[in-house]
Amino acid sequence: MENKKLIVFTCNWNAYHGMETAGVEGISYDSRVIPIRLTCMGRISIGIILKAFEQGAMGVLMLGCPKDECQYDTGMHRAEEVMGKTKKILGLLGYSEDRIGLDCLEAGKGKAFADRVGEFMTRLTAGHPASRETTKATFARSG
Amino acid sequence: MTQGVLIIGGSEAGIQSALDLADAGVDVHMLEPRPFLCNIHHSTLPVHLYRTRMLEAARHPRITFWTHTDLDKIEGQSGNYKVKLRQNPRYVDLSKCTACGDCILVCPVSVPGTGRKAIYLKDNCEPGCAVIDKSGIAPCSHACPGGIHVQGYVALIADGRFQEAIDLIRDAIPFPGICGRICTHPCEIDCRRNEVDSPVSIRLLKRFVSDWEQRLPQKPTASTSMKPKRKAVAQKVAVIGAGPAGMTAACFLAGQGYSVTVFEKLPVIGGMLAVGIPAYRLPRDVIGQEYEIIRKQGVDIRLNTRIGPQGDYSLEDLFADGFGAVCLTVGAHKSLSLGIPGEELQGVVQGIDLLKMVSLSQQTNDPVWQKSLESLLSLGPETRAAVLGGGNTALDVSRTLTRLGLSEVQILYRRTRDEMPAQAEEIEETEKEGVRIQLLTAPKTIKGNQAGQVTGLECLRMNLGSPDQSGRRRPIVVPGSEFHLDLDLIVLAIGQEPDFGFMSPDSEIAIDKDWRIQVDKHSFMTDRPSIFAAGDAVTRKHMSAIEAIGMGKKMAQAVDHYLQEEKACLEPQKPYRMPVAKREMAPHELIPSASIQVPVLNLKNRLQGFDEVELGYSQKEAIEEAGRCLKCGPCSECMACVQACKPGALIHDQAERVLHLNVDTLIYADDPDKAFQYREKTEGHIIEIAPDDPVQGSAAAAWVKTRPKTETIVYGTQNIVPGAQPDIRIGVYICRCGDDMGGVIQTETLQKRIQGYDPVVFTDILPFACRRDASTKIKQDISDQRLNRVVLAACSCCSSEQVCFSCTFQRVRCKKNLGIFQSRQEIISHPEHGISLPVNIEFINIREQCAWVHKDNPGLAMDKAHILIQGAVSKISATMVTSLESFSRERSVMILGQGQASKVCLEVLQNSGVNTVHLGKVLAPMHYLDGCYFLVQNGHTLKSRSIIITPADESEADQIMDRLNAGNSRPAVAYRPGQTGTTRPGLFFCDPQHDPELVGRAVAARSRGWLGQTQGFLKKNSGKVDPHRCRMCYSCMDICEAGAPQVINQVEDRHIWIDPAICTGCGVCAANCPSNAIRAGDISDRQLEVMIEDMLSLGRADRGE
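Residues numbered from 1 in each chain as written. Chains lettered and ligands numbered in written order. Predicted model: local features only at pLDDT ≥ 70, side-chain atom pairs only at ≥ 80, totals over all residues. Heavy atoms only, no water.

Peer 1: What is the right way to look at the interface of chain A and chain B in this model?
Peer 2: Interfaces are often sized by the accessible area lost when the parts come together. With 45 residues of chain A in contact, the opposing surface of chain B contributes 49 residues. Summed over both partners, the interface of chain A with chain B comes to about 4000 Å²; 60% of that surface belongs to carbon and sulfur atoms. Taken together, the connections running from chain A to chain B amount to six salt bridges. Close ionic contact of Glu 20 of chain A with Arg 811 of chain B constitutes a salt bridge, the shortest N to O distance being 2.7 Å. Linking chain A with chain B are 13 residue pairs in polar contact (both at pLDDT 80 or more), by the criterion used here. When residues of the side of chain A that touches chain B are traced back to their parent elements, those giving at least two are strand S1 (6-11), helix H1 (14-24), strand S2 (33-38) and helix H2 (46-54) of chain A. Among the residues making up the side of chain A that touches chain B, the classes are represented as 21 nonpolar, 15 polar and nine charged. (Contact = heavy atoms within 4.5 Å. Buried area = accessible area lost by both parts, 1.4 Å probe. Salt bridge = Lys/Arg side-chain N within 4 Å of Asp/Glu carboxyl O. Polar contact = N/O pair within 3.5 Å; in protein donor to acceptor, adjacent residues only side chain to side chain. Helix = DSSP H or I, 4+ residues; strand = E, 2+ residues; numbered from the N terminus. Nonpolar A, V, L, I, M, F, W, Y, C, P; charged D, E, K, R; others polar.)

Here it is as structure tokens:
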């Protein structure tokens, strides 16, 4: 698990600004994070998330705008729908639910970004979810 | 035709107004007297939103910011104003500053009462660049003839930075130790602390750092910090006289690579410094140390060598020997005579001759000087002496005589103490040492005996009358006041003039009426080309060491200019002179605090010899005394910021800029309490709006007429891969941000790693991506290397034209330089504004996302930067091939409803040449086709691009909305109560609860702006459907909140087309398209796929899997 990457999707607006603020304030976080910026979290689809796991990501974290602040009104709702469906599929594939997360991040909150990442990492690595995963998960990973 | 509109004040309303106008095609000039646009008007916008708005205005090609600019004058009337603007110097180049803050760290001046330094940034304010608070040059610096940045070194000393202080002094003059002891300190005379208590003891501060430097284990090797500009130059320059003027010139010329020879007729160096100023004021080793440095630079000093017809060489000999120029810095060593009877008697001597005898007897082994001295002081210590004169020479002579043992020494001066040219502190010390000063006393006759020896002086008492030509009150004899003094030695010290013995009678060098060499006041060249002069030899009014040094430097610069221009005619140079700072100071700054007294040698020890009297400050005393500085600048011009600034953005000699604009409308959006200042400047009308109300801002914009235009829009050029170039050629640029992102990312190593990939054909490293030279290089490379895609790894985060919360002034600047905010057509007609070739540019952030958050792990940071760049390369390689779309879009609006606002909208829009139709009642359902709304009513087909809903009440509002939603346009549109926008871009709403005038104007301006906006920018994020993949399942139409997807129903080709005018770029449609046919939100599914694949596989490769 030590060097596997965590893909963090951020929306272009509040969430990205939170991550940017972490940089401006020099707040360190895990260097295994690979950030991918989307215009809106509504852009995320099940296939994209599964792709990440297929290619060997350790986990996928999605960060969008806070409730009722979505720049495009309903993007976060779409993302929640996607999240629900993806969790089910991942469950079928034998992955632990802890491997994906969807959360909001306010603009300007650099420490909150680092905290979200840190908490997610802890959930991922503590308790070794890999051990709870079934062997079904292995076929999906041989990319 | 005017240059547009002037908006005063960068408030929320002002910016709204500016954007509405600029989008509608009007040029806008935004004026802000402060150095920054800040949210000081309590707008309700959160900080990051306000900043985003400001940057939207900053990036708009039609909006020009004039910050730090005052409005001086308004002439003309409404529709045709001529305004005079005065842009105050910011001293920082807005096209280069990266806001890194290095300059602030090193600035030694904290400005009283502000909590900041003299150079500063302001968080969340635009432009996001530094500014220097400098109202002018400090009075002390202005007064220094040597051009030393006086306040600068005082500030550095106060900050404990002694090395920087001495380097700053040496930037200007080579003699800090000498000036620190004997300078006449014009700086202290002009010091503003004189208004409070006593001036800062600047001279003693200079002495302190000079002594400090001398005590360092590593001695200074350069007499000035000025870096030599050239290697050795073939020309030779001769300097006559090794005094301060000549040696300063020699030093600077040697630094410019000339071979300099100094000819000095005395057996010692220093000129008047060595033979006119006694050792107790200026120790000889101080002179020796500072001269030795110059000698080590290669200046050849020939002592005991006289120039002239009676000397070792004549001037003509020098030219014959190949010297390209000669500098006459011979000083003024010939004394003025009194013109009274008895001057020729024995025991009458000139003051400077006496001082020379003493000096040379102390400095050389030649017994002749000691002998002459002994014969003068015929009675030894019993000699009774009188010194005639009131200047420094008279005092120096008196104090020298007391040290030689004389007990009866007096000074006779014909005016009062106030008129004595000598320095006050010198006069005090002289009296302390037992010399009596007789004022208002003038000599009449010198008496002598048969042997021709002086016996006494007959004197007269004087009174002061009216001022003479020197400005001093004229002394008038008191009749019958004669009295006699018994004296053995009379010393004359009433003034000096140059000895012109070195010139032959036919030398053609003109002498002026002051008995000085005549020179041009800027170039110091005499009438004879290639002969220059400076110092006491050319001036009577400014005879001091520091004046001589200053002149010597200017003369050297002129000599250099003259010799390099191959003896072309010398133009007098008039350098830009900054005004003198007259900063207003608060009461708490003007609290008296006494100047620190410098320790001096006690009286007994003093008179026993010629040891230095003044002992100099200790470090603690120096810092405390320097702390008394009032910071007049307040910037001290210490130049520490210039040294620290990596992009080279400081311009300390920036002048103010006056410009004239011709505008048709004036809008005032600043503090309402200050509006009167502008009102009283004109008889014309200024539109005033509340600074925190953007609706008023838009309404103000409605007053300005805009020109009708039909434009062809070109969409999607950022994604073009022209069919003629099937191969992918990517250029990758890595920005250093000055210091390799804080030293975390080794850019060269990173570059090597990137060079391996196939589609990457070119890589380079940029020092600063946001500086103009970067974009120039990129444009050149695109052309030279035939690149069709570029990845820029810097701090910029996205490649679209939008401004998001994370944008900064520098990122906007970088994109502006690359032409991201212009339409392709505009760049084709103005190639200097951007890249006209079809190139896809991706930006990624390796600074905030990488270097700054993984500082402790440079290796991991580098790996991650590599992965991020790989992601961008993969993304950009997978761009869709697509064709250019172009539409003809006309500006047309339909106004629906019977509310009062409809009339207002109609008037504004028609005046702006927009095709406008007003429908009081909507009787038929409305449809949307080919980018326009249409309906058929009463047999007519009415069409428009934009719609404004102006209901008279809520029920009419709902009715109109039903009609809108009854047709084919999906999804349903809803209005937002209290707001001018609806859920669909291009549809506007005038709430019937609001004042119809205000909201009508505002909505008309916003609609007009929207029409222009959809013509102006290329929207990178908006959706693009691949017609070959589209299966017409309508999923996107169902899911799009804004209603952008439209059906294109052509005979062979039925597919969905996403209207870029309405599409917001969220990408939800792309996420839900079962055919992966849509690229939206700046990225297609295919691109995401390859990005994830390549980034994660690289990540595995790093671990050696």
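Peer 1: Got a minute to help me understand unusual backbone geometry in this structure?
Peer 2: Trans peptide bonds make up the majority, and among non-glycine residues the majority have a negative phi. Residue and element names in this part refer to chain B. Cis geometry marks the peptide bond from Glu 126 to Pro 127; its omega dihedral reads -5 degrees. Residue position: Pro 127 is located in the loop between strand S8 (119-120) and strand S9 (131-132). A cis amide bond links Gly 633 with the next residue in sequence, Pro 634, at an omega value of -5 degrees. You can see Pro 634 is positioned in the loop between helix H20 (619-626) and helix H21 (640-644). Although it is not a glycine, His 68 adopts a positive phi angle of roughly 60 degrees. You can see His 68 is positioned in the loop between strand S3 (63-67) and strand S4 (69-77). For Ala 99, which is not glycine, the phi torsion reads 60 degrees and is therefore positive. Mapped onto the secondary structure, Ala 99 falls in the loop between strand S5 (80-87) and helix H3 (102-106). Owing to a relative accessible area of 28%, Ala 99 belongs among the partly exposed residues under this scheme. (Buried < 20%, exposed > 50% of the residue type's maximum accessible area, 1.4 Å probe, protein only.)

Peer 1: Whenever I open this one, the state of the cysteines confuses me. Can you help?
Peer 2: By definition, a disulfide is the covalent link that joins the sulfur atoms of two cysteine residues. All names here are of chain B. For the structure shown, the criterion picks out zero disulfides over all chains. This cysteine, Cys 251, is not joined by any disulfide, and Cys 179 carries the nearest cysteine sulfur, 12 Å off. For the unlinked cysteine Cys 850, the closest cysteine sulfur is that of Cys 795, found at 13 Å. Judged by its relative accessible area of 0%, Cys 850 falls in the buried class. (Disulfide = S-S within 2.5 Å.)

Peer 1: Sorry, what's going on with the sheet that holds strand S3 (residues 59-64) of chain A here?
Peer 2: Strand pairing in a sheet takes place through backbone hydrogen bonds and is either antiparallel or parallel in direction. Residues and elements named next belong to chain A. Ordered by their spatial adjacency, four strands build an open sheet running S2-S1-S3-S4, and the pairing between neighbours is parallel. Bordering the open sheet on either side are S2 and strand S4 (100-104), each of which pairs with just one other strand. Each strand of the sheet is rotated relative to its neighbour by a mean of 20 degrees, with strand direction disregarded. Of the strand pairs in this sheet, S3 and S4 are connected by five bridges, and their pairing is parallel. Bridge assignment links Gly 64 to a residue of S4, and that residue is Cys 104. Those strands touched by H1 are S1, S2 and S3, and its axis lies near 120 degrees from that of S1. (Pairing = 2+ DSSP bridges. Axes fitted to C-alpha atoms, helices over the stretch in contact; angles between N-to-C directions.)

Peer 1: I'm lost on the nonpolar core in this one. Help?
Peer 2: Proteins that are soluble and globular tend to have nonpolar side chains buried together. Residues and elements named next belong to chain B. The biggest cluster of nonpolar side chains holds 106 residues, and the ones touching the most others in it are Tyr 153 and Leu 328. In terms of residue count, the dominant contributor to this core is helix H18 (residues 545-564) (ten residues). Every residue in contact with Leu 328, bar those within four places of it in the chain, is listed here: Ile 240, Leu 315, Phe 502, Ile 509, Ile 517, Ile 531, Phe 532, Ala 533, Ala 534 and Ala 537. (Core = buried A, V, L, I, M, F, W, Y, C linked by side-chain atoms within 4.5 Å.)

Peer 1: Help me understand the pairing of strand S31 (residues 760-766) of chain B in this model?
Peer 2: Each regular strand shows side chains that alternate between the opposite faces of the sheet. All names here are of chain B. Among the seven residues that make up S31, six are buried, leaving the element largely enclosed by the rest of the structure. Summarising the sheet, strand S30 (residues 730-735) and S31 pair through six bridges and their orientation is parallel. Bridging across to S31, Cys 735 finds its partner in Leu 766.

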